[in-house]
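Given next are the chains, with one letter for each unit.
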Amino acid sequence: MIFLMDLQMMLLDVIYFILRNSLRVILPPCTKPIDGELVLITGSGSGLGRLFALEFTKQGAEVVLWDINSNSNEQTAKLVHEMGGKAYTYAVDLTSREDVYRNAELMRKDLGRDVTILVNNAGVVAGKRILDCPDELIERTMKVNCHALFTVKAFLPQMKALNHGHIVTIASVLCLFSTACVEDYCASKFAAVGFHESLAHELLSEEVEGVKTTLVCPYIVDTGMFEGCKIREEVELLLPPLEPQYCVEQAMNAILVNQPLVCIPRLTYLPVLFRLLPWESNVTTYRFMGSDKCMYPFIETTKKQV
């Protein structure tokens, strides 16, 4: 009897959350204020990381900028200061756990407070076919894109103690489906989703309701990271590379309403459903869209750059 009652309640909850989230498409929920929050952004020296720093500054937050490139990181800080915001820069090698913990403690001593929002944004890609890719580059991709996510260990205890915080993981649509010749990147981003979802479940199971999580899965963003990547022209009219500013604005919209998952653009939610189809159906769809060989031009571009 208890099982049947629990089953009934579970089904009612499922229906409620489906209806609630459907309604939010039409009537977005109110955004939360983040003025005064301390936001740490990894990979803040360029690309999406820099834009996140500027967007959080617009919302009144203070930003901590972690990047291995000191010069570009200082440039981000300069842009924040020009907006009247506060930025604190640290040169951090995210592939070194010793460097991560040392800078986390240094930052805590410097600022006298703890991070309340963590944006795990840093990311790299080797840009080589698997048999042409040195093991060192594969390991680097895994360390930056996956292992560095465990930076959260340096800040989660304080968030849990205060029952207040937000952990944001910048993944990719290539964590929901894959394509050829980016094995290192896809492996790291699939791992990022596993990490993020497991952490979200842990917080919920411990009833730490004040610490929120958001998983951001953007399509290819026009930052130069995947320069040359090309799908079928007719399809690209519907699914062009994302403008970086648009991508960050959509991600910020999700963060400010505590949305657990956001795929950018919305059209990229569809591949999740395609995974229910037979493997051969997915292959056929990939070939039609030109997604099966979309990374070939990117690899050639990478070779020329080298």
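Note that this is a predicted model, so its numbers are computed, not measured.

Enquirer: Which parts of the structure should I look at to understand the pairing of strand β5 (residues 165-170)?
Expert: A regular strand places its side chains on the two faces of the sheet in alternate fashion. Among the six residues in β5, six count as buried, and that is most of the element. The alternating pattern of β5 places Gly165, Ile167 and Thr169 and His166, Val168 and Ile170 on opposite faces, both of which are buried. Across four bridges, the pairing between strand β4 (residues 117-120) and β5 is parallel. Looking across to β5, one finds that Leu118 is bridged to Ile167. For β5 and strand β6 (residues 211-218), the ladder comprises six bridges, and the chain directions are parallel.

Enquirer: Please explain a nonpolar patch on the surface as it appears in this structure.
Expert: Among the surface-exposed residues, Phe3, Leu4, Leu7, Met10, Leu11, Val14 and Ile18 lie close enough to one another that they form a single nonpolar patch of about 670 Å² accessible area. Looking at the secondary structure, you find Val14 in helix α1 (residues 2-26). Assessed through its relative accessible area of 38%, Val14 is described here as partly exposed.

Enquirer: Looking at this model, I keep getting lost on the packing of helix α2 (residues 47-58) against helix α9 (residues 244-256). Mind explaining?
Expert: In a packed pair of helices, the relevant descriptors are the angle between the two axes and the axis-to-axis distance. Remark: α2 packs on α9, axes separated minimally by 10 Å, with the N-to-C direction vectors making an angle of 50°. Relative to α9, α2 is oriented oblique. By crossing handedness, the relation of α2 to α9 is classed as right-handed. Across the interface between the two elements, Leu48, Leu51, Phe52, Glu55, Phe56 and Lys58 from α2 touch Pro244, Gln245, Cys247, Val248, Glu249, Ala251, Met252 and Ile255 from α9. Taken together, the residues of the contact of α2 with α9 break down into ten nonpolar, one polar and three charged.

Each value, and the rule that gives it
Residues numbered from 1 in each chain as written. Predicted model: local features only at pLDDT ≥ 70, side-chain atom pairs only at ≥ 80, totals over all residues. Heavy atoms only, no water. Buried < 20%, exposed > 50% of the residue type's maximum accessible area, 1.4 Å probe, protein only. Helix = DSSP H or I, 4+ residues; strand = E, 2+ residues; numbered from the N terminus. Pairing = 2+ DSSP bridges. Patch = residues over 30% accessible without salt bridge, like charges linked within 9 Å, V, L, I, M, F, W, Y side chains within 5 Å. Areas by Shrake-Rupley, 256 points an atom, 1.4 Å probe, with all protein chains shown as cover. Salt bridge = Lys/Arg side-chain N within 4 Å of Asp/Glu carboxyl O. Axes fitted to C-alpha atoms, helices over the stretch in contact; angles between N-to-C directions. Parallel < 35°, antiparallel > 145°, perpendicular 65-115°, else oblique. Left-handed = near helix turned anticlockwise from the far one by under 90°. Contact = heavy atoms within 4.5 Å. Nonpolar A, V, L, I, M, F, W, Y, C, P; charged D, E, K, R; others polar.

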